[in-house]
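Structural characterization, general
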Amino acid sequence: MAVFSVLLSLAAPALMFLLLLLVIAFLGYCLYIKYIHMKYDHIPGPPRDSFFFGQSATLVKMMENDGNVHEKFLEWAEKYGPVYRLNVLHYVAVCTYCPETTKEILMSPKYPKEKLAYEKLFNLFGQRERERGRHTAKSHGLDMNPGWLHLGHGAYMITCSATEAPQLPPRGTSWKGSNHVLGVSSCLCMFVLDTFQVAFGVDLDLLNNSSPFPKAIETCLRGMVYYVRDMFFEFKPKNRAYVNKVREAARLLRTTGAKWISERKTAIQNGDEVPKDILTQIIKSASQEESMTEEDEEFMLDNFVTFFIAGQETTANKLGFCIMELGRHPEILEKARKEVDDVIGMKRDISYDDLGELVYLSQVLKETLRIYPTAPGTARDVAEDMVIDGIHIPGGFSAVFSSYVCGRLDRFFKDPLKFDPDRFHPDAPKPYYCYYPFALGPRSCLGQNFAQMEAKVVMAKLLQRFDFTLVPGQTFDILDAGTLRPKSGVVCILSHRDYKD
Ligand code: HEM
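Since the structure is predicted, the reported quantities are computational estimates derived from the model, not experimental observations.

As for the overall build of the protein chain
Within the protein chain one finds 16 helices and 13 strands. The proportion of buried residues among the 501 residues of the protein chain is 51%. By element, 59% of the accessible surface of the protein chain is carried by carbon and sulfur atoms, the whole surface being about 23700 Å².

What about the packing of aromatic side chains?
What the rule picks out here adds up to 13 aromatic pairs. Where Phe 321 meets Tyr 372, the ring centres are 4.2 Å apart and the plane angle is 5°; that geometry is what we call stacked. Here Phe 321 is found in helix H11 (residues 294-328), whereas its partner Tyr 372 is found in the loop between helix H14 (359-371) and strand S6 (377-382), with 51 residues between them in sequence. Judged by relative accessible area, which is 0%, Phe 321 ranks as buried.

Brief notes about the coordination of the iron atom of the ligand
Counting protein donors around the iron atom of the ligand gives one, Cys 445 (SG), at 2.3 Å. Its place among the elements puts Cys 445 in the loop between helix H15 (403-407) and helix H16 (448-465).

Re unusual backbone geometry
One non-glycine residue, Leu 89, lies in the positive phi region at around 50°. As for its position among the elements, Leu 89 is in the loop between strand S1 (83-88) and strand S2 (91-96). Of note, Asp 389 is a non-glycine position whose phi angle comes to about 50°, a positive value. By the element assignment, Asp 389 lies in the loop between strand S7 (386-388) and strand S8 (391-393).

Focus on a nonpolar patch on the surface
On the surface, a cluster of nonpolar side chains totalling about 620 Å² of accessible area is made up of Leu 15, Phe 17, Leu 18, Leu 20, Leu 21 and Ile 24. Mapping Leu 15 onto the fold places it in helix H1 (residues 2-40).

With respect to the pairing of S2
The buried fraction of S2 amounts to five of the six residues, a majority that puts the element mostly inside the structure. Between S1 and the antiparallel strand that follows it, S2, lie two residues; Leu 89 among them carries a positive phi value of about 50°. For S2 and strand S9 (residues 397-402), the ladder comprises three bridges, and the chain directions are parallel. Across the sheet, the residue bridging to Ala 93 is Ser 398, located in S9.

Here is what the cut-offs are and how they apply
Residues numbered from 1 in each chain as written. Predicted model: local features only at pLDDT ≥ 70, side-chain atom pairs only at ≥ 80, totals over all residues. Heavy atoms only, no water. Helix = DSSP H or I, 4+ residues; strand = E, 2+ residues; numbered from the N terminus. Buried < 20%, exposed > 50% of the residue type's maximum accessible area, 1.4 Å probe, protein only. Areas by Shrake-Rupley, 256 points an atom, 1.4 Å probe, with all protein chains shown as cover. Phe/Tyr/Trp six-rings, centres within 6.5 Å; stacked < 30°, edge-to-face > 60°. Donors = N, O, S within 2.8 Å, 3.2 Å for Na, K, Ca; no water. Patch = residues over 30% accessible without salt bridge, like charges linked within 9 Å, V, L, I, M, F, W, Y side chains within 5 Å. Salt bridge = Lys/Arg side-chain N within 4 Å of Asp/Glu carboxyl O. Pairing = 2+ DSSP bridges.

Honestly, it's all geometry; don't read function into it.
Below you can see the structure in the form of structure tokens.
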């Protein structure tokens, strides 16, 4: 009893002391936030909703109401000009729409990707998605080569896949001539995964609707968005089940990837003939390092998983938006279709040269990404002071670049909401650092060339084989799910084209 009261008499002041320390630390942190506010408040920007969380409440409210937060960024750009400031805790984001600054920051290797969001992305709810602090995959000699879509004899695999994707009525069956109503967005995800099967030389069992791999990709992507946008997401008890589901999905991607990598490594070691695809490239570039450590093996897996997560929805949604705009503009659809007919006609296999000749289709796809950049922005950390648009910005901020906002500012694109592929006519002036759907410079999208090629092949095959019209009454709104996607799912009436041959 006496010992207990001695302990109690010691514990009480210790607790008081601890509490005092916590209060002092909290006040110190508040003062630090105040200091940061004072340091950056000369930069124009929307008023903070709260001292701690800055403008977050406005954005979170938009997300909860299924809104598109990039519309808010656009509204702020129109109201506050080409540089404005946002706060959350002691972090400062400077959104900038000045082409010279975009050029200076994005094109230079000295500005790393924004730490706050990227650390979270790479470590999805504690389940490693990609190692923190490593350089980009590009700096490890990896790049996505569009040739990986190639089968090696002038044919692209998508030739047959585009008509045999799971949700489409099977080719060659009696449905010819009848119409099918279809939400194309989900099919496009499968098309894209199908091209990945070829590029990675793996079987995703896509014809089996219950295949867990595509679902795991989608779950990881959704999870990332919540994780990055809501700082406290994983700590809210109501989200516990969801967080576990995302962890499980990330684990599935890694274990499946590990199995594929190990099988391919064994085949390489046994001297078997292996396809010259991305998987082989990932293994070869990793094994160039003198001795491959366990960490290197993990890094190889990081790259593999990142490709799938970064590459699927972005491309599928781009195609969805493209079909949506073609459906809304029959004259543009007709022009694109005529080009496809002239260049590839009824050919089953599309060659590399054919793709080069599909100039108008390229313009259509570029214009699609101007209005609908499916990965709408990026950010870089800037340590040193800078002057942007005549405003002195002290170092220690994140520079945010929104392709969505730039694409919709009439300062850069006249009549910006008009879908006009001729903006990207080969003779038209090139947009000057105001169009960057794949970001720019040394840390830009690794899959850009691959994605452009892939989108062109899929669109060319669709135009060659199908007539499609949009089902009336659907919305053309955007769903902001981290990547942008068509809210309606793009519901089309689809039929095989009737060729009089
Ligand atoms: C329309 C399709 C696509 C768009 C709009 C797009 C856009 C982007 C953007 C904006 C970034 C961020 C770059 C930055 O932070 O500056 C990115 C990163 C990345 N993308 Fe893509 N992407 C697309 C398709 C693909 C595909 C098909 C792949 C691979 C198969 C891919 C692989 C990657 C990877 C690996 C990164 C991370 C690069 C790194 O941090 O090392 N992307 N993408």
